[in-house]
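Spelled out, the chains give:
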Amino acid sequence: QVKRDPKVQVARLKLPILGEEQRVMELINENEFVIVAGETGSGKTTQIPQFLYEAGYTENKMIAVTEPRRVATVAMSARVGYELGLSSKEVSYLMRFEGNVTKDTKIKFMTDGVLLKEIQSDFLLSKYSVVIIDEAHERSMYTDILLGLLSRIVPLRRKRGCPLRLIIMSATLRVEDFTENTRLFKVPPPVIEIQSRQFPVTVHFNKHTYSDYLKEAFKKTVKIHTRLPEGGILIFVTGQQEVNYLVRKLRASFPYHKGVDYSSLINKKVNVVDTSLDSEPDDIESDDDEVEKEMKRIRKARKKAKRKTIKLPKISLDDFDMPEDDGQPDLVSDADSEGHLSDSDADESTLTPIVKSSQQPLWVLPLYSMLSTAKQGRVFETPPAGTRLCVVSTDVAETSLTIPSIKYVVDTGKKKMRIYDHVTGASAWRVVWTSQASAEQRSGRAGRTGPGHVYRLYSSAVYQHECVPQYKPDLCTRPVDHLMLTLKCMGIDKVVNFPYPTAPDRMQLRLAEKRLEVLGILEKVEMRNRRKDDEEVLKVTPLGKAVSAFPLLPRYGKMLALSHQYTLLPYAITIVSALTVPEVMSGKTDSWPATGNMLLLGDPGVLLRAVGACDHSTEALSVFCAKYGLREKAIIEIRKLRKQLASEINLSVSGVNLVVDPKLQPPDDKQAKLLRQLLLSGLGDQVARKISMAEVKEGEDKRKYKYAYRCSDLDEPVFIHSESILRKVIPEWVIYQELYETGPDDRKKMIMRNITA
Ligand code: ADP
Ligand code: MG
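Residues numbered from 1 in each chain as written. Chains lettered and ligands numbered in written order. Predicted model: local features only at pLDDT ≥ 70, side-chain atom pairs only at ≥ 80, totals over all residues. Heavy atoms only, no water.

> Can you walk me through the overall build of the protein in this structure?
The secondary structure content of the protein amounts to 26 helices and 23 strands. Here the protein holds 757 residues, and 54% of them are scored as buried. Counting only contacts in the protein whose residues sit at least 6 apart along the sequence, the fraction spanning at least 24 positions is 73%. When the accessible surface of the protein is split by element, carbon and sulfur atoms take 51% of a total near 34900 Å². (Helix = DSSP H or I, 4+ residues; strand = E, 2+ residues; numbered from the N terminus. Buried < 20%, exposed > 50% of the residue type's maximum accessible area, 1.4 Å probe, protein only. Contact = heavy atoms within 4.5 Å. Areas by Shrake-Rupley, 256 points an atom, 1.4 Å probe, with all protein chains shown as cover.)

Right, dumping it as structure tokens:
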């Protein structure tokens with residue numbers, strides 16, 4: 001009964017998946033678990049929900065489709081609704097803070113986090129007949145957890161007599177993690193491989209890798225636009241700011257003025273440009289005789305030059321500096337430069353008069369997750385006549401969205417990734433090389449509608465040696481203590497034995513569970529169990545709930561949660577930030593005399609005062625740091641972390657509105673004492689006791705034991721760091737942040753870092 005727009009029907013019929021509808025539906029009807037793998041753009045996300053709809057899966061219940069990205073959730077629900085001729089009342093989306101679900105919703109797109117929340121209140125997902133986990137190859141933490149949970153929910157639903165189907169959709173990546181994992185699925189689910197029409201994409205590496213990848217991306221885009229035939233350009237950068245920056249710059253360079261007719265420019269450029277760089281001149285359609293003649297002339301000249309490089313005139317741009325053409329072999333692959341012409345041996349005379357400054361406008365659009373829904377949709381619209389589409393995107397365009405008519409991909413090879421500090425669990429977004437798998441995905445975006453080109457703005461050596469084949473699943477990169485608490489907060493009791501698609505180290509998980517129990521973040525609860533004896537599980541305590549809001553390892557989260565009660569949060573944040581950065585002090589503890597509780601606060605106290613003193617100092621930071629034995633870079637890093645932590649806490653902890661005070665006063669004696677207690681609350685499992693001289697064996701050199709302590713985990717003694725301010729005190733009991741080993745092989749010693757009395 002579906003009435004589709006004829007235009008939609010035409011577009012759909014081009015997708016090979018349509019010819020496989022019967023096979024796909026048979027497999028889904030006959031299996032509870034099915035994996036659908038296919039290249040990006042093959043029609044998984046838009047077509048399979050429609051197949052299910054037409055097969056009657058929405059008669060009493062809904063179809064759920066989860067996406068790891070907000071941007072795909074909105075775009076895909078809109079597209080499927082449009083293709084089915086249904087309104088957003090029936091094909092809807094839901095994500096945190098936003099959605100358009102109604103009581104008539106039949107197909108519900110949602111972020112994976114939202115479905116996870118729904119499982120917490122309705123474990124059997126009784127509203128749904130099918131759950132589709134889309135983009136499973138992205139291996140987001142929530143997706144992995146959903147897969148684990150659904151592997152158990154589906155059999156439960158069968159037992160209740162109302163079966164649920166699980167469809168896992170993925171790019172053709174790492175499917176074995178799902179099929180060969182017998183803990184997840186006892187019987188490997190069938191895999192449907194969707195064939196897709198993928199045109200060849202020529203890969204061009206840069207010969208050199210420049211650190212200013214934005215500048216490179218800009219230069220390359222200018223060259224593509226001014227020299228190469230029609231076809232959309234897709235540029236991959238790392239974040240929203242970079243997207244906006246490039247969009248502004250490109251728009252200023254090739255402006256589009258409403259009302260101007262650009263259609264005459266377009267053909268001219270196609271031909272001119274083709275002569276210089278494109279290797280498939282047959283593709284060009286032209287109805288402009290003038291230009292056709294010009295083309296012939298140029299082709300002749302080109303032949304004569306025997307594939308010598310042709311240099312095009314400089315492009316005149318109005319309101320910014322065009323980067324100097326530095327003769328770098330751009331647009332040329334260092335692996336395969338055959339057939340492509342480089343700038344270096346240019347023959348200016350052959351082509352000079354053709355490209356004019358009256359350029360074809362570039363229709364530049366941004367794309368990133370936080371972009372408003374309306375603006376995101378613009379990338380799917382046809383650009384104004386005579387303009388060339390250029391989308392500047394973060395990695396959302398890598399697999400989740402297929403932008404029509406992209407022929408050129410400019411890949412910076414970079415992406416942003418959350419990197420965790422191993423000691424405190426503090427995380428920061430860092431720009432890193434993409435994986436090789438991502439690079440391939442990005443390339444593939446150029447070959448959806450015809451042969452394409454990808455310009456990687458880095459060398460093939462970087463690709464081979466710096467890019468990992470694939471990044472680990474998100475869940476496996478998180479610090480285990482943090483993961484443990486996150487999963488427990490979701491109501492997953494058996495975190496150690498959870499059926500992960502890829503399991504983190506289970507031994508580490510077990511240790512983490514113990515640690516959190518010691519810290520009072522988890523506690524034993526007796527569970528009545530009808531079949532077995534009563535069993536004990538560790539559940540999150542109210543304190544644990546509060547701690548989980550802090551974006552740090554639970555032990556540090558606990559310090560912050562408790563410090564909040566005593567309005568010590570600004571100090572605690574500073575201390576935690578300082579504890580995250582290595583080697584802040586370069587000796588010279590004498591510079592930081594203290595008494596009372598401030599002295600007993602030990603190394604964290606010194607760090608706190610050092611950071612505060614830098615803020616109060618009127619001297620240049622470098623001068624001040626040199627004078628007092630501080631590493632300037634470390635101080636800058638601490639300041640950054642402090643700001644970041646404050647803003648993350650403002651976001652995640654309700655009722656907190658932290659402003660990093662540049663003129664924080666030193667804590668008074670009472671506050672210093674409370675800070676010691678806070679540190680103890682988080683490091684209570686890392687305690688050491690002074691070894692008394694009476695314990696030292698007969699015949700041993702007592703002097704060696706002056707700073708020696710006994711801790712619970714080791715047989716050998718551990719020592720106070722030689723630079724620690726607490727060498728002056730040698731307290732009976734200390735807590736330490738971590739242990740490390742130093743010294744030559746035959747005289748190795750365990751040292752305690754950052755101790756407090
Ligand atoms: P997959 O999920 O396999 O990556 P999709 O179902 O997202 O593939 O896309 C199938 C096809 O539909 C692609 O060719 C894509 O260009 C097209 N498409 C998807 N969304 C839109 C849209 N909003 N407007 C136009 N075409 C679209
Ligand atoms: Mg998809």
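> Just checking my understanding: could you explain the packing of helix H8 (residues 213–227) against helix H9 (residues 240–253) for this structure?
Describing two packed helices takes the angle between their axes plus the distance from one axis to the other. The contact between H8 and H9 brings their axes to 11 Å, and the two run at 35°. Two packed elements cross with a definite hand, and for H8 against H9 that hand is right-handed. Mapping the contact onto sequence places Tyr213, Leu214, Ala217, Phe218 and Thr221 in H8 and Glu242, Tyr245, Leu246, Lys249, Leu250 and Ser253 in H9. When its residues are assigned to classes, the contact of H8 with H9 shows seven nonpolar, two polar and two charged. (Axes fitted to C-alpha atoms, helices over the stretch in contact; angles between N-to-C directions. Left-handed = near helix turned anticlockwise from the far one by under 90°. Nonpolar A, V, L, I, M, F, W, Y, C, P; charged D, E, K, R; others polar.)

> How do you make sense of the site of ligand 1 when you look at a structure like this?
In the vicinity of ligand 1 lie 13 residues, with Gly41, Gly43, Lys44, Thr45 and Thr46 positioned nearest. With respect to ligand 1, the backbone of Gly41 contributes an N or O atom lying 2.6 Å from an oxygen atom. In isolation ligand 1 exposes 560 Å². Once the protein is present, 86% of that is buried. Among the secondary structure elements, those contributing two or more residues to the shell around ligand 1 are helix H3 (44–54) and helix H4 (70–84). Here the shell around ligand 1 gets three residues from one element, more than from any other, and that element is H3. Of the residues in the shell around ligand 1, the class split is three nonpolar, seven polar and three charged. (Near = heavy atom within 4 Å. Polar contact = N/O pair within 3.5 Å; in protein donor to acceptor, adjacent residues only side chain to side chain.)

> I'm lost on the sheet that holds strand E2 (residues 62–67) in this one. Help?
Each strand in a sheet pairs with its neighbour through backbone hydrogen bonds, running either in the same direction (parallel) or in the opposite one (antiparallel). Strand order in the open sheet made by the eight strands is E4-E3-E5-E2-E6-E7-E1-E8, with mixed pairing throughout. What marks the edges here is a single partner per strand, and that holds for strand E4 (98–99) and strand E8 (191–194). Taken together, the five bridges between E2 and strand E5 (residues 107–111) define a ladder with parallel strand orientation. The partner of Ile63 across the bridge, within E5, is Ile107. (Pairing = 2+ DSSP bridges.)

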